[in-house]
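Notes for the structure review
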Amino acid sequence: MEHRRVKRGGRPGQRAEIDLDDVVYGVHAVEEALTAGEELRHLHVADERKRDPAVRKILETAREREIRVRFEDRGYFSQFPYKAHQGVIAFGAPFTYVTLDDLLANRGSDPLLLVVLDHITDPHNVGAIIRTAESAGANGVIMPERRAAGVNATVRKAAAGAAAHLPVARVSNVADTIRKLKKANVWVAGADLGPQSVDYTQADLARDLALVIGAEGEGLSQLVKRECDYLVRVPMLGKIESLNASVATAILLYEAVRQRRMRALAP
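Starting afresh in each chain, residues are numbered from 1 along the sequence in its written order. Local features in a predicted model are, by the rule used here, given only for residues with pLDDT of at least 70; side-chain atom pairs are given and counted only at 80 or more, and totals for whole chains, interfaces and linings are based on all residues. No hydrogens and no water enter the side-chain calculation; it runs on all heavy atoms of the structure.

**A look at the overall build of the protein chain**
Condition: Runs of H or I in DSSP of at least four residues are treated as helices and runs of E of at least two as strands, each being numbered from the N terminus. Computation of the radius of gyration draws on C-alpha atoms, with the globule rule given as 2.2 Å multiplied by the number of residues to the power 0.38. Working rule for contacts: check all heavy atoms of both residues, and any pair within 4.5 Å makes them a contact. Counted as positive: Lys and Arg. Counted as negative: Asp and Glu. His and the chain ends are not counted at all. A charged residue contributes its charge at one atom only: NZ of Lys, CZ of Arg, CG of Asp or CD of Glu.
A count of helices and strands for the protein chain gives nine helices and 13 strands. Taken against the 2.2 N^0.38 rule, which gives 18 Å for 267 residues, the C-alpha radius of gyration of the protein chain at 20 Å falls within 12% of a compact globule. Along the first, second and third principal axes, the C-alpha atoms of the protein chain reach 65 × 40 × 40 Å. A sequence separation of at least 24 residues applies to 79% of the contacts in the protein chain between residues at least 6 apart. Between the averaged position of the 38 positive side-chain charges in the protein chain and that of its 35 negative side-chain charges there is a distance of 2 Å.

Structural data, given as structure tokens:
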């Protein structure tokens with residue numbers, strides 16, 4: 001995905017360059033970034049929102065952490081390509097990715113649960129998937145370095161703060177990553193509507209597992225599909241042919257949660 005930068009006004013006579021991948025915007029996303037201890041360098045808040053209770057909480061936390069705060073008029077926020085900034089924008093360090101080895105090294109006693117994204121380019125979908133994965137207790141999300149949305153400002157906003165809490169790894173090749181996961185005794189299930197897939201409620205999702213989700217309209221690439229141990233589908237009972245990628249991910253993740261709870265309760 002394109003690495004976006006914009007020019008913004010600074011002190012008189014200055015033009016400072018902003019890397020939009022380093023922006024966190026929106027009340028909830030900024031609050032969660034502060035709570036998680038993300039390295040935020042400075043915070044810009046609309047004058048008209050400084051007395052808002054939710055914003056005051058953010059300001060108190062920012063001051064406790066000695067983060068520079070500036071109050072701005074409406075015009076300041078118009079230079080950014082975000083309509084849902086809510087008068088709160090923070091600038092931080094680039095998002096910190098982990099490695100695949102990091103995710104595997106942090107395996108606990110419970111079965112591992114990972115989500116692998118196969119070249120999903122829509123940042124809103126990626127953000128929603130990160131939010132759902134964190135809510136479902138997944139151990140992390142894996143995404144490719146190229147031809148895919150990374151964790152940028154839009155992803156952070158759509159994730160509603162979850163990107164500050166869930167480890168995200170970037171890899172050079174999804175198919176190679178699947179092979180490494182299988183060598184580490186992690187089963188890999190791909191989401192697919194083809195004839196070789198099984199109903200998701202009939203598949204074993206309670207073991208150490210990585211769920212692979214493809215891009216909307218394209219699905220999993222053929223190479224990635226071949227590398228999966230098995231394919232699962234969410235039945236489509238109406239006239240629509242497929243689900244939004246983030247919705248399909250949510251269904252599969254919570255089925256995995258359900259199966260794990262049932263297995264834990266079994267005598």
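**Overview of the pairing of strand β5 (residues 68-72)**
The cut-off we apply is this: Note on pairing: two strands pair once DSSP finds at least 2 bridges between them. Convention used here: a crossover is right-handed provided that the path from the first strand, over the helix, to the second strand proceeds clockwise when the strands point away from the viewer.
With five bridges joining them, strand β4 (residues 40-46) and β5 adopt parallel strand pairing. Paired with Val45 across the strands is Phe71, a residue of β5. Assessed by its sense of winding, the connection that carries the chain from β4 through helix α2 (residues 53-64) to β5 is right-handed.

**Let's talk about empty space enclosed by the protein**
To be explicit about the condition: Buriedness for pockets is judged along seven lines, at least five of which must meet protein on both sides within 12 Å for an open set on the 1 Å grid over protein atoms alone, while cavities are sets there where a 1.4 Å probe fits but cannot get out, and lining residues have an atom within 4 Å of a point. Grid points are joined across faces, edges and corners, and a volume is the space filled by probe spheres set on the points. Think of it as three bins: nonpolar holds Ala, Val, Leu, Ile, Met, Phe, Trp, Tyr, Cys and Pro, charged holds Asp, Glu, Lys and Arg, and polar takes everything else, Gly as well.
On inspection of all chains with the given rule, the structure shows one cavity of 30 Å³ or more. Its boundaries defined by the atoms lining it, the largest cavity holds a volume of some 40 Å³. In terms of lining, the largest cavity is formed by Val24, Ala29, Ala33, Glu38, Arg156, Gly161, Ala163 and Ala164. When the residues that make up the lining of the largest cavity are grouped by side-chain class, the tally is five nonpolar, one polar and two charged.

**Observations regarding the sheet that holds strand β3 (residues 23-25)**
Strands pair in a sheet through their backbones, by hydrogen bonds, and they do so in one of two ways: parallel or antiparallel. Rule in force here: Between N-to-C directions, angles span 0 to 180 degrees; the directions come from axes that are lines fitted to C-alpha atoms, helices contributing only their stretch in contact.
Read across the sheet, four strands follow the order β3-β6-β4-β5 without closing on themselves; strand pairing throughout is mixed. The open sheet is flanked by β3 and β5, the only strands paired with a single partner. Each strand axis lies, on average, 20° off the axis of its neighbour in the sheet, ignoring direction. In the sheet, β4 pairs with strand β6 (residues 88-92) via five bridges, with the strands oriented antiparallel. Directly across from His42, in β6, lies its bridge partner Phe91. Contacting β3, β4 and β6, helix α1 (residues 27-35) runs over the sheet at an angle of about 120° to β3. Its contacts with the sheet place α2 against β4, β5 and β6, and it is angled at close to 150° to β4.

**Things to note about the sheet that holds strand β12 (residues 209-214)**
With respect to topology, seven strands assemble into an open sheet ordered β9-β8-β7-β12-β10-β13-β11, the strand pairing being parallel. A single partner strand is all that each edge strand has here, and the edge strands are β9 (168-171) and β11 (198-199). Two elements, strand β10 (residues 187-191) and β12, share four bridges in a ladder whose sense is parallel. Along β12, the bridge assignment pairs Gly190 with Val212. Sheet strands in contact with helix α5 (residues 123-135) are β7 (113-118), β8 (140-144) and β9, and its direction is about 175° off that of β7. Its contacts with the sheet put helix α7 (residues 174-183) on β7, β8, β9, β10 and β12, and the angle it makes with β7 is roughly 160°.

**A few points about the packing of α1 against α2**
Rules: Every angle not falling under 35 degrees, over 145, or within 65 to 115 is termed oblique; those three ranges are roughly parallel, roughly antiparallel and roughly perpendicular. Put simply, a crossing is left-handed when the front helix is turned counterclockwise from the back one by less than a right angle, and right-handed when it is turned clockwise.
Between α1 and α2, the shortest axis-to-axis distance is 10 Å and the interhelical angle comes to 30°. Comparing the axis directions of α1 and α2 gives the class roughly parallel. The handedness of the crossing between α1 and α2 is left-handed. In this structure, α1 contributes Val27, Val30, Glu31 and Leu34 to the contact, and α2 contributes Ala54, Val55, Lys57, Ile58 and Thr61. Classifying every residue of the contact of α1 with α2 by side-chain character gives six nonpolar, one polar and two charged.

Just distances and angles here, no functional claims.
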